[in-house]
Amino acid sequence: MAASPPVAIIMGSQSDWSTMRHAAETLDALGVAYDARIVSAHRTPERMVAFAKGAKAAGFRVVIAGAGGAAHLPGMVASLTPLPVFGVPVESKALSGQDSLLSIVQMPAGIPVGTLAIGRAGAVNAALLAAAVLALGDADLAGRLDAWRRRQSEAVAERPEPSEP
Ligand code: RP5
């Protein structure tokens, strides 16, 4: 069986995809392969355990986990795999993602989850961090990451456009 791509993007629900697709698009732009899956800590707990326990042996090297509300998915997965886990708090309807953020970031000492910002910014930055980790052992990817950052800098105007909002 072919090894998994280096990055797993997991999320608790289909409804998280509108946020997590930004991680996928960022990895696409950097030429980093990934597998995106719905793995819910409370609706599909056995799927979650199977994924997390098998992730390293499957060939994944980094996990990006997005969840909203009582967002225990990133922490639960981190407890079951030695791989680095980056958590993305998805913006919830009731509490605008503050619940997701606090659920993910407040891990007790011993099992880390690298927690990003709420929503799109967190999803993009989780992908950039995953790429940075992989780039430590991949000079081509390191070059693509440098180029991505250079293009971002070049796209910033020196002065604001007065007619734009
Ligand atoms: C969490 O519950 C998911 O990560 C999602 O953010 C939230 C709401 O899920 P749905 O009710 O939209 O499926 O498990």
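These numbers were taken from a predicted model, which means no experiment stands behind them.

1. Looking at the UniProt feature "binding site: substrate" (unreviewed entry) in the chain
- In the numbering used here, UniProt assigns the feature "binding site: substrate" (unreviewed entry) to S13, D16 and R43. For this annotated set, covering 31 residues, all C-alpha atoms fall within 14.1 Å of each other, a compact arrangement in space.
- Of note, D16 is situated in the loop between β1 (7-11) and α1 (17-30).
- Among the secondary structure elements, R43 is positioned in the loop between β2 (34-38) and α2 (45-58).
- Looking at R43, the number of C-beta atoms within 10 Å reads 11, which means it is exposed.

2. Observations regarding the nonpolar core
- Within the largest apolar cluster, 42 residues are counted, with the highest numbers of intra-cluster contacts made by V7, A23, V63, I64 and V77.
- Elements supplying a minimum of two residues to this core: β1, α1, α2, β3 (62-68), α3 (73-80), β4 (85-90), α4 (98-105) and α5 (120-135).
- Take this core: its biggest share by element is six residues, from α5.
- In contact with A23, not counting residues within four places along its chain, are I9, I64, V88, A123, V124, A126 and A127.

3. Focus on α3
- Counting buried positions along α3 yields six of eight residues, so the element is predominantly enclosed.
- Listed as buried for α3 are L73, P74, G75, M76, V77 and A78.
- Residues of α3 that are buried in the fold lie against β1, α2, β3, β4 and α4.

4. Considerations on the packing of α5 against helix α6 (residues 139-154)
- It is at 8 Å that the axes of α5 and α6 come closest, and there the two elements cross at 140°. Between α5 and α6, the angle falls in the class oblique. When the axes of α5 and α6 are compared, the crossing they make is left-handed. Here A131, A132, L134 and A135 of α5 lie close against α6, whose contacting residues are L141, A142 and L145.
- Considering only residue class, the contact of α5 with α6 consists of seven nonpolar, no polar and no charged.

5. Let's talk about α4
- By the burial criterion, the buried members of α4 are S100, L101, S103 and I104. Viewed end-on, α4 has its buried residues packed into an arc of 170°, placing them on one side of the element.

6. As for the sheet that holds strand β5 (residues 114-115)
- Strand order in the open sheet formed by five strands is β2-β1-β3-β4-β5, and the pairing between neighbours is parallel. A strand with exactly one partner marks an edge of an open sheet, and here the two such strands are β2 and β5.
- Here β3 pairs with β4 via six bridges, running parallel. Each bridged residue has a counterpart across the sheet, and for G68 the counterpart in β4 is V90.
- Sitting on the sheet, α4 touches β3, β4 and β5, and the angle it makes with β4 is about 160°.

7. Re the pairing of β2
- One ladder, built from five bridges, connects β1 with β2; its direction is parallel. Within β2, the residue paired with V7 across the bridge is Y34.
- You can see the chain leave β1, run along α1 and come back into β2, and the turn it takes is right-handed.

8. Some thoughts on the pairing of β1
- With respect to burial, β1 is a largely interior element, five of its five residues being buried.
- Of the two faces of β1, the one holding V7, I9 and M11 and the one holding A8 and I10 are both buried throughout.
- Examined bridge by bridge, β1 and β3 share five bridges and lie parallel to one another. By the bridge assignment for β3, I9 is matched with I64.

Here is what the cut-offs are and how they apply
- Along every chain, residues carry numbers that run from 1 in the direction the sequence is written.
- Under the rules for a predicted model, residues below a pLDDT of 70 receive no local features and side-chain atom pairs below 80 are neither given nor counted, while totals for whole chains, interfaces and linings still include all residues.
- UniProt positions are given in the numbering used here, feature names are shortened, and annotations may be inferred rather than shown by experiment.
- Under the scheme used here, helices are H or I runs from DSSP no shorter than 4 residues and strands are E runs no shorter than 2 residues, and both carry numbers assigned from the N terminus.
- Once C-beta atoms are placed from the backbone, each residue is buried if 20 or more other C-beta atoms lie within 10 Å of its own, exposed if 12 or fewer, and partly exposed for counts between those two.
- Each nonpolar core comprises buried Ala, Val, Leu, Ile, Met, Phe, Trp, Tyr and Cys residues, the members being joined through C-beta atoms within 7 Å.
- Contact between two residues is assigned whenever their backbone-derived C-beta positions fall within 7 Å.
- To obtain each axis, a line is fitted to C-alpha atoms, and for helices this fit is confined to the stretch in contact; angles are then taken between N-to-C directions over 0 to 180 degrees.
- These descriptions rest on fixed angle ranges, namely under 35 degrees for roughly parallel, over 145 for roughly antiparallel, 65 to 115 for roughly perpendicular, and the rest for oblique.
- Handedness of a helix crossing follows the sense of rotation of the near helix relative to the far helix, less than a right angle counterclockwise being left-handed and clockwise being right-handed.
- Note on residue classes: Ala, Val, Leu, Ile, Met, Phe, Trp, Tyr, Cys and Pro are nonpolar, Asp, Glu, Lys and Arg are charged, and everything else, Gly too, is polar.
- As used here, the arc belongs to the directions running from the helix axis to the C-beta atoms.
- The pairing criterion is simple: DSSP has to find at least two bridges between the two strands.
- Convention used here: a crossover is right-handed provided that the path from the first strand, over the helix, to the second strand proceeds clockwise when the strands point away from the viewer.

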